[in-house]
Amino acid sequence: MTHRVGYAPGVYDLFHVGHLNILRHARSQCDYLVAGVVSDEMARLAKGRDPVVPLVERLEIVRSVRFVDAAFVETVPDKVETWRQVRFDVIFKGDDWRGTDRGRALERDFAAVGVEVVYFPYTVHTSSTQLRRALDVLAVTAPPEAL
């Protein structure tokens, strides 16, 4: 009997239902799920800005989700290097990666080490980026005493 380890990386900033859905779906396709929580420094490199919620809090939130067996702080940009540290059999990504240069590179790199790439539907109606934009608008338009 094979024990399938899954890996679901993400910033998990402003945790929302899309994050929960990815973790739920990922756990349904593996025996043990590791959530990779991207460090503040890595998030800054990838997205050009710091997360709203600090790493220690994001890690605690993700670690507390019942679908997650373990949480790992991702500190390097190379996912294969992360694989060398965690040793998972399948990596889960949002389908916004499918068919992109990044997605093809991910598939190629992981095929070389025998890791399957599985895509899940991206939650278009809720995203951390949308939530952050809404917070930015509120911060600009709110009266000073409200802040």
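As a convention, each chain's residues are numbered from 1 in the sequence order in which they are written. The model is predicted, so local features are restricted to residues of pLDDT at least 70 and side-chain atom pairs to those at 80 or more, both for listing and for counting; the totals for chains, interfaces and linings are taken over all residues. The side-chain numbers reported here are obtained from all heavy atoms of the structure, hydrogens and water having been left aside.

## A short note on the pairing of strand 2 (residues 32-38)
Keep this limit in mind: Whether a residue is buried, partly exposed or exposed follows from its accessible area with a 1.4 Å probe, protein chains only, as a fraction of its type maximum: under 20%, in between, or over 50%, in that order. Helix and strand assignments follow DSSP, with helices taken as H or I runs no shorter than four residues and strands as E runs no shorter than two, numbered in order from the N terminus. Two strands form a pair only when DSSP identifies at least two bridges running between them. Classification remark: right-handed applies to a crossover when, strands pointing away from the viewer, the course from the first strand over the helix to the second runs clockwise.
In terms of burial, strand 2 is largely enclosed, as six of its seven residues are buried. As judged from the six bridges shared by strand 1 (residues 5-10) and strand 2, these two strands associate in the parallel manner. Pairing of tyrosine 7 across the sheet is with valine 34, part of strand 2. Once the chain exits strand 1 it traverses helix 1 (residues 17-27) before rejoining the sheet at strand 2, and the crossover so formed is right-handed. Taken together, the five bridges between strand 2 and strand 3 (residues 70-74) define a ladder with parallel strand orientation. Along strand 3, the bridge assignment pairs glycine 36 with phenylalanine 72.

## A short note on the side chain of threonine 82
For clarity, the cut-off: Whether two residues touch is decided by their heavy atoms; if any such pair falls within 4.5 Å, the residues are in contact.
Here threonine 82 is to be found in helix 4 (residues 79-86). In this structure, threonine 82 is in contact with Tyr7, Phe72, Glu74, Val76 and Phe88, ignoring residues within four places of it in sequence.

## Description of the packing of aromatic side chains
The condition is simple: What counts as a ring pair is set by centres within 6.5 Å for rings of Phe, Tyr and Trp (its six-membered ring), and what kind of pair is set by the plane angle: stacked under 30 degrees, edge-to-face over 60, tilted for all other angles. Ring-over charges, as used throughout, are those where CZ of Arg or NZ of Lys falls within 6 Å of the ring centre and within 35 degrees of the ring normal.
Following the criterion strictly, the structure yields four aromatic pairs and no others. Through pairs of rings, three or more aromatic residues link up here, namely Tyr7, Phe88 and Phe110. The residue whose ring lies beneath lysine 93 is tryptophan 97, and the NZ or CZ to ring-centre distance is 3.9 Å.

## Quick notes on the sheet that holds strand 5 (residues 116-120)
The condition is simple: Lines fitted to C-alpha atoms define the axes, with helix axes restricted to the stretch in contact, and inter-axis angles between N-to-C directions lie between 0 and 180 degrees.
The five strands are arranged 3-2-1-4-5 in an open sheet whose pairing can be described as parallel. At either end of the open sheet lies a strand with only one pairing partner, and these are strand 3 and strand 5. Direction aside, neighbouring strands of the sheet carry axes that sit 30° apart on average. Sheet analysis places strand 1 next to strand 4 (residues 90-94), joined by two bridges and oriented parallel. When the bridges of strand 4 are listed, glycine 6 appears paired with valine 90.

Interpretation in functional terms is not warranted from these geometric data alone.
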